[in-house]
Amino acid sequence: MGESRKKRAVLIGASSHSLPPGLAEEIHPDDFIICADGGRDVAEQLGLRPDWYVGDNDSGGRPEGLPATLLPSEKDVSDMEMAVDQALRLGYRELLLLGCTGGRGDHHLANLGLLEQIDQRGGHGILMDRTNEVRFLGPGSYRMENRPKYHYLGLIPLDATVTGVTITGVRYPLNQFTLCRGSTRSVSNEILPGATAEITVQTGHVYLIRSQPEPMDP
């Protein structure tokens, strides 16, 4: 199947106002573009050629001319969740979610929750909008280069306690720290100039959020 040669799936929702600046630089020629309903219009406005359509046609999307996963208007899952499911079924493990924040609060939070579903199914997801890049992290060690460049880095604990949190290469390092859900201790950090952040989580899960994009150094 032709799409199996492509390395990453880019999933586009209908929230065109939430797209990050410089999006053209984020889309690679070999990305597989999956449009969740009205995301097809968004993709075509950006000059992108969709590869797959998922939806129920209630947000202006249309399946004509594309392989499609058609959904009933009354269903138990969102178009974006089914787009994630389709990407994983096609064998993609790197997923970039665009155009899926900034509108309805329930959809915004549900789309953040899809990052955990991607992780549980063996994938790696990033949700990106105009001012944020969000990842879901479980126990393990991670390296984070500041590319593309953002001013802030924060961890948001999702479990009651997240233990053994160590962060280096940042303005405010932590060493074997325990984060509690609802605490703001781990927000508004910054990767040091020229450094790579090293993040370790022993138990629990967090959102890693980079925010306030900045222009890259020449």
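Residues numbered from 1 in each chain as written. Predicted model: local features only at pLDDT ≥ 70, side-chain atom pairs only at ≥ 80, totals over all residues. Heavy atoms only, no water.

Asker: Residue-level account of the sheet that holds strand β1 (residues 8-12), with values.
Answerer: Across the sheet, which stays open at both edges, the nine strands sit in the order β4-β3-β2-β1-β5-β6-β7-β13-β9 with mixed pairing between neighbours. Sheet topology places β4 (68-70) and β9 (150-157) at the edges, where each strand pairs with a single neighbour. Neighbouring strand axes in the sheet, compared pairwise and without regard to direction, differ in orientation by 20° on average. Pairing analysis gives three bridges linking strand β2 (residues 32-36) to strand β3 (residues 52-55), with the strands arranged parallel. Within the sheet, the bridge partner assigned to Ala36 lies in β3 and is Val54. In the packing of helix α4 (residues 105-120) onto the sheet, the strands contacted are β5 (94-98), β6 (124-128), β7 (132-137) and β13 (206-213), and the crossing angle to β6 comes to about 165°. (Pairing = 2+ DSSP bridges. Helix = DSSP H or I, 4+ residues; strand = E, 2+ residues; numbered from the N terminus. Axes fitted to C-alpha atoms, helices over the stretch in contact; angles between N-to-C directions. Contact = heavy atoms within 4.5 Å.)

Asker: Which residues make up the packing of helix α3 (residues 79-89) against α4, and what values do they have?
Answerer: Where α3 meets α4, the axes come as close as 10 Å, and the angle between the chain directions of the two elements is 20°. By the angle class used here, α3 and α4 are roughly parallel. You can see that α3 and α4 cross each other, and the crossing is right-handed. Counted together, Met80, Glu81 and Val84 of α3 and Asn111, Leu114, Gln117 and Ile118 of α4 form the full contact between these two elements. Classifying every residue of the contact of α3 with α4 gives four nonpolar, two polar and one charged. (Parallel < 35°, antiparallel > 145°, perpendicular 65-115°, else oblique. Left-handed = near helix turned anticlockwise from the far one by under 90°. Nonpolar A, V, L, I, M, F, W, Y, C, P; charged D, E, K, R; others polar.)

Asker: Go over α4 with me, naming the residues and quoting the values.
Answerer: The end-to-end C-alpha distance of α4, which contains 16 residues, comes to 23 Å, matching closely the 22 Å that a straight helix rising 1.5 Å per residue would cover. Buried positions along α4 lie against α3, β5, β6, β7 and β13. Looking one or two places after α4, you find Gly122, whose phi comes out positive at around 85°. (Expected span 1.5 Å × (residues − 1).)

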